[in-house]
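One-letter residues, chain by chain:
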Amino acid sequence: QVQLVESGGGLVQAGGSLRLSCAASGRTYFMAWFRQAPGKEREFVAAISWTGNRADSADSVKGRFTISRDNAKNTVYLQMSRLKPEDTAVYYCAAARVLSRGAANYDYWGQGTQVAIDS
């Protein structure tokens, strides 16, 4: 069983930055961030392999968000910059055995952390 705990969310001004963290208990493989805005479906944000040599991100965040991991700390990060109001959502950390953009492929999920961008 893997437990994931996100932190780092908050309220920032448009154009600002935030770094989300996801601490995992137990061995994890591919890790990802998803987000869900009110009234919308959960959407893929970024994913990274165990070694960090493979990564993927949604077009909407390319060049603004960076996913990374520190396996010594069993923690995955999402560095978010140049934030926009449309980035407002609950951000979820997830773990899977494949690198995928599909939420259905992820076996473990965190409880989520709220990110709000004020225009």
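## Let's talk about the side chain of Ser21
Here is step 1 of the chain: Here Ser21 shows up in strand S3 (residues 18-25).
Here is step 2 of the chain: Apart from the residues within four sequence positions on either side, Ser21 is in contact with Val5, Glu6, Ser7, Trp33, Thr75, Val76 and Tyr77.

## Concerning the environment of Gly26
Here is step 1 of the chain: You can see Gly26 is positioned in the loop between S3 and strand S4 (30-36).
Here is step 2 of the chain: Residue class for Gly26 comes out partly exposed when judged on its relative accessible area of 37%.

## Here we look at the sheet that holds strand S1 (residues 3-7)
Here is step 1 of the chain: Taken together, 4 strands build an open sheet; the order of strands is S1-S3-S8-S7 and the sheet is antiparallel. Edge positions in the sheet fall to S1 and strand S7 (65-70), since each of these pairs with one other strand and no more. Going across the sheet, the axis of each strand differs from the next one's by a mean of 15°, ignoring polarity.
Here is step 2 of the chain: Judged from the 6 bridges that link them, S7 and strand S8 (residues 75-80) form a sheet pairing that is antiparallel. Pairing of Arg69 across the sheet is with Val76, part of S8.

## Quick notes on the nonpolar core
Here is step 1 of the chain: With 34 residues, the main nonpolar core has Trp33, Leu78, Met80 and Tyr91 as its most contacted residues.
Here is step 2 of the chain: Looking at this core, the elements with two or more residues in it are S3, S4, strand S5 (43-48), S7, S8, strand S9 (89-96) and strand S11 (113-118).

## Considering the packing of aromatic side chains
Here is step 1 of the chain: This model, assessed by the stated rule, comprises 5 aromatic pairs.
Here is step 2 of the chain: When the centroid spacing of 5.8 Å and the interplanar angle of 75° are considered together, the rings of Phe34 and Phe44 count as edge-to-face. Pair noted here: Phe34 is in strand S4 and Phe44 is in strand S5, with a separation of 10 residues, a long-range link. With respect to class, Phe34 is no different from Phe44; both count as buried.
Here is step 3 of the chain: Ring geometry for Tyr92 versus Trp109: centroids 6.5 Å apart, planes at 75°, classification edge-to-face. Residue Tyr92 is found in strand S9, and its partner Trp109 is found in strand S10 (residues 106-109); the two are separated by 17 residues along the sequence.
Here is step 4 of the chain: The class for Tyr92 is buried, based on a relative accessible area of 15%.
Here is step 5 of the chain: Given a relative accessible area of 27%, Trp109 falls into the partly exposed group.
Here is step 6 of the chain: A network of ring pairs unites the aromatic residues Phe34, Phe44, Tyr92, Tyr106 and Trp109 as a single cluster.
Here is step 7 of the chain: For Arg42, the ring lying beneath its charged end belongs to Tyr92, and the centroid distance is 3.8 Å.

## Some words on the state of the cysteines
Here is step 1 of the chain: Per the counting criterion, the structure on display carries 1 disulfide.
Here is step 2 of the chain: Residue pairing for Cys22: its cysteine sulfur links by disulfide to Cys93, the two sulfurs lying 2.0 Å apart. Its S-S torsion of about -80° marks the bond between Cys22 and Cys93 as left-handed, since a negative value means left-handed. In this pair, Cys22 sits in strand S3 while Cys93 sits in strand S9, placing the two residues 71 residues apart along the sequence.

## Description of the environment of Asp70
Here is step 1 of the chain: Note on placement: Asp70 falls in strand S7.
Here is step 2 of the chain: Setting aside residues up to four positions removed in sequence, Asp70 forms contacts with Thr75 and Tyr77.
Here is step 3 of the chain: There is a polar contact of 3.1 Å between the side chain of Asp70 and the backbone nitrogen of Ala72.

Each value, and the rule that gives it
Residues numbered from 1 in each chain as written. Predicted model: local features only at pLDDT ≥ 70, side-chain atom pairs only at ≥ 80, totals over all residues. Heavy atoms only, no water. Helix = DSSP H or I, 4+ residues; strand = E, 2+ residues; numbered from the N terminus. Contact = heavy atoms within 4.5 Å. Buried < 20%, exposed > 50% of the residue type's maximum accessible area, 1.4 Å probe, protein only. Pairing = 2+ DSSP bridges. Axes fitted to C-alpha atoms, helices over the stretch in contact; angles between N-to-C directions. Core = buried A, V, L, I, M, F, W, Y, C linked by side-chain atoms within 4.5 Å. Phe/Tyr/Trp six-rings, centres within 6.5 Å; stacked < 30°, edge-to-face > 60°. Lys NZ or Arg CZ within 6 Å of the ring centre and 35° of its normal. Disulfide = S-S within 2.5 Å. Polar contact = N/O pair within 3.5 Å; in protein donor to acceptor, adjacent residues only side chain to side chain.

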